[in-house]
Amino acid sequence: MTTTLDTRSLMERLIAFPTVSRDSNLDLIDFVESYLADHGINSTRIPDKTGEKAALYAHVGPQVEGAIVLSGHTDVVPVDGQAWDTDPFEVIESGNKLYGRGTCDMKGFDALSIWALVEAKKRGVTRPLQLALSYDEEVGCTGAPPMIDAMVASGMPRASAAIIGEPSMMKVVTGHKGGIGFDVHMRGFEVHSSLIHTGVNAIMFGSKLIDWCNEMNAANAAKAPLEIDEGFVPPYTTLHVGMVTGGTAHNITAKDCNFVLTFRNVPGEPGELWVKAFEEKVAEIDAEMKAIHPDTGIDYTRKFDVPGLKPEVEGEAEEIVRNLTGDNAVNVVSYGTEAGQFQERGYSAVICGPGDIAQAHQPNEFITIEQFKAGEAFMERLLDSLG
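Note that the structure is a prediction, hence the values are computed from the model and not measured.

## Here we look at the overall build of the protein chain
Per the secondary structure count, the protein chain includes 9 helices and 15 strands. Taking 21 Å as the expected radius of gyration for a compact globule of 387 residues, we find that the protein chain reaches 23 Å, a close match to that expectation. Summarising its shape, the C-alpha atoms of the protein chain cover approximately 75 × 45 × 45 Å along the three principal directions. Contacts in the protein chain between residues at least 24 apart in sequence constitute 80% of all its contacts with a sequence separation of at least 6. Working note: accessible area of the protein chain is about 16700 Å², and carbon and sulfur atoms make up 53% of it. In the protein chain, 31 side chains carry a positive charge and 56 a negative one; their mean positions are 1 Å apart.

Next up, the structure:
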């Protein structure tokens, strides 16, 4: 007899797979694929180029267009260096909270979605339901585009609405900032630091580009925001460098300096506008370096490019989720999701999921039992609406 797991058990199984973005997620995908198959649901996996990771999608219900997609990612951020009071890859209940890496972001929603898909199969819905589970969301939303493209090209009936279940406290989120990231490599020229004027210190020249980020943030904060951007916190484009590596010794001008420079752009400022500004500043600093030594300079590659989610006029996904939640407030967020990638490919998209984004990526990550039950109730109402 096929075993059907409840939502809590499904989340416990998913959390037990340590699918940190740097590692494989195939054990989790194997489990989901097998579990769905046990319930008569065929699924399709889309492997990445290395074969170490995969996305998965599935369809339940009549083979007609107009499905609703439940979309989540399977990867989680690392726990390295974080002080956890419990095993991060085991769901631990304490008080009214369920602790574990991914309970909030976003294996809780993944579990609810898998449960809903199996229930949709059992109940024989008249409007189809689809599941889409990606990889590498946490490193720049790089796993969703090939998955969505495969869904579109596969001949599977096209869905008309996508619900991306990032933690939003079950509020309806209709917009988020875009995100662009660059891997930056500053190439210096080594000399003894007493002869610094003849060398090119990659770290010190890198600091010029980093300080440009500070200058742009200050300038952006000082501007009056456009009306379209006023709901964001903060209501302007931000630039950020979170890690820097480089150098050999305190008395050698640094030969190398590496960092990732990212932009979170508001809808009123297209990402390419900031790419151009970045490239102009890079060219300016690169010229300064080469004036000292011709073999130096700046190399950069675009690490990720996440389109923002734009509020839709009479969007179907928004209408569906507002009817299911009763939330009629206007909500936008500053973090990035895969919603913009669905929207970019012609899907009406909205964000709505259980949990508080403030818990995401934190040690002792949790989702409250109340929020998890709110997610369950949402899925029940969704299934009822599918007939």
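## Topic: the domain arrangement of the protein chain
Annotation of the protein chain at the domain level lists domain 1 (7-175 + 308-386) and domain 2 (178-306). With centres defined by C-alpha atoms, the gap from domain 1 to domain 2 works out at 34 Å. The interface of domain 1 with domain 2 comprises 12 residues on the first partner and 9 residues on the second. Of the roughly 780 Å² buried between domain 1 and domain 2, counting both surfaces, carbon and sulfur atoms make up 60%. Where domain 1 meets domain 2, there are 0 salt bridges. If you look at where domain 1 meets domain 2, you find 1 residue pair in polar contact (both at pLDDT 80 or more). Class assignment for the residues of the side of domain 1 that touches domain 2 results in 5 nonpolar, 7 polar and no charged.

## Considering the pairing of strand 9 (residues 178-187)
By the criterion of burial, strand 9 is predominantly enclosed, with 7 of the 10 residues buried. Pairing of strand 9 with strand 12 (residues 297-306) involves 9 bridges; the strand directions are antiparallel. Directly across from Met-186, in strand 12, lies its bridge partner Ile-298.

## Considering the layout of surface pockets
Its boundaries defined by the atoms lining it, the largest pocket holds a volume of some 1100 Å³. Lining the largest pocket are 32 residues, and of these Glu-138, Val-139, Arg-264, Phe-304 and His-361 sit closest to its centre. Per-class residue counts for the lining of the largest pocket are 14 nonpolar, 10 polar and 8 charged. Taken as a whole, the second largest pocket encloses approximately 380 Å³ of empty space. Taken together, 22 residues form the lining of the second largest pocket, with Asn-265, Gly-271, Pro-307, Gly-308 and Lys-310 sitting closest to its centre. Elements supplying a minimum of two residues to the lining of the second largest pocket: strand 9, helix 6 (271-292), strand 12 and helix 8 (339-344). Tallied by class, the residues present in the lining of the second largest pocket amount to 8 nonpolar, 8 polar and 6 charged. Built from parts of two domains, the lining of the second largest pocket gets at least three residues from each of domain 1 (7-175 + 308-386) and domain 2 (178-306).

## Brief notes about the UniProt feature "domain: Peptidase M20 dimerisation" (unreviewed entry) in the protein chain
UniProt feature "domain: Peptidase M20 dimerisation" (unreviewed entry): in the numbering of this structure it lies at residues 174-288. Overall, residues 174-288 shows 34% helix and 27% strand. The separation of its end C-alpha atoms is 44 Å.

## What to know about the sheet that holds strand 3 (residues 67-73)
Read across the open sheet, the 6 strands follow the order 1-2-6-3-7-14; overall the sheet is mixed. One side of each edge strand has no neighbouring strand; the edge strands of this open sheet are strand 1 (43-47) and strand 14 (348-351). Strand-to-strand twist in this sheet, taken as the mean axis angle between neighbours without regard to direction, amounts to 20°. Of the pairings in the sheet, the one linking strand 3 to strand 7 (residues 159-164) comprises 5 bridges and is parallel in character. Among the inter-strand pairings, Leu-70 is bridged to a residue of strand 7, identified as Ile-163. The strands touched by helix 2 (residues 26-38) are strand 1, strand 2 (54-60) and strand 6 (129-134); relative to strand 2, the strand with the most contacts, the crossing angle is about 15°. The strands touched by helix 3 (residues 107-123) are strand 2, strand 3, strand 6 and strand 7; relative to strand 6, the strand with the most contacts, the crossing angle is about 150°.

## What about the pattern of salt bridges?
As a working rule, side chains carrying opposite charge can pair if their charged atoms are close by. Evaluated as defined, the whole model comprises 23 salt bridges. Salt-bridge contacts for Arg-22 lead to Asp-80; the nearest nitrogen and oxygen are separated by 3.0 Å. With a gap of 58 residues between them, Arg-22 in the loop between helix 1 (7-15) and helix 2 and Asp-80 in the loop between strand 3 and strand 4 (92-94) connect regions that are remote in the sequence. Arg-345 is the salt-bridge partner of Glu-344, the closest N and O atoms lying 3.4 Å from each other. Classification of Glu-344 by relative accessible area gives exposed; the value is 54%. Judged by its relative accessible area of 22%, Arg-345 is partly exposed. Ionic contacts of the salt-bridge type, sharing partners, join the residues Glu-119, Lys-122, Arg-123, Glu-380 and Asp-384 into one network.

About the criteria used
Residues numbered from 1 in each chain as written. Predicted model: local features only at pLDDT ≥ 70, side-chain atom pairs only at ≥ 80, totals over all residues. Heavy atoms only, no water. Helix = DSSP H or I, 4+ residues; strand = E, 2+ residues; numbered from the N terminus. Rg over C-alpha atoms; globule rule 2.2 N^0.38 Å. Contact = heavy atoms within 4.5 Å. Areas by Shrake-Rupley, 256 points an atom, 1.4 Å probe, with all protein chains shown as cover. Lys, Arg positive; Asp, Glu negative; His and termini not counted. Charge placed at Lys NZ, Arg CZ, Asp CG, Glu CD. Domains from an automatic or database assignment. Buried area = accessible area lost by both parts, 1.4 Å probe. Salt bridge = Lys/Arg side-chain N within 4 Å of Asp/Glu carboxyl O. Polar contact = N/O pair within 3.5 Å; in protein donor to acceptor, adjacent residues only side chain to side chain. Nonpolar A, V, L, I, M, F, W, Y, C, P; charged D, E, K, R; others polar. Buried < 20%, exposed > 50% of the residue type's maximum accessible area, 1.4 Å probe, protein only. Pairing = 2+ DSSP bridges. 1 Å grid on protein atoms, 1.4 Å probe; cavity = no way out; pocket = protein on both sides within 12 Å on 5 of 7 lines; lining within 4 Å. Points joined across faces, edges and corners; volume = space filled by probe spheres on them. UniProt positions renumbered as here; feature names shortened; annotations may be inferred. Axes fitted to C-alpha atoms, helices over the stretch in contact; angles between N-to-C directions.

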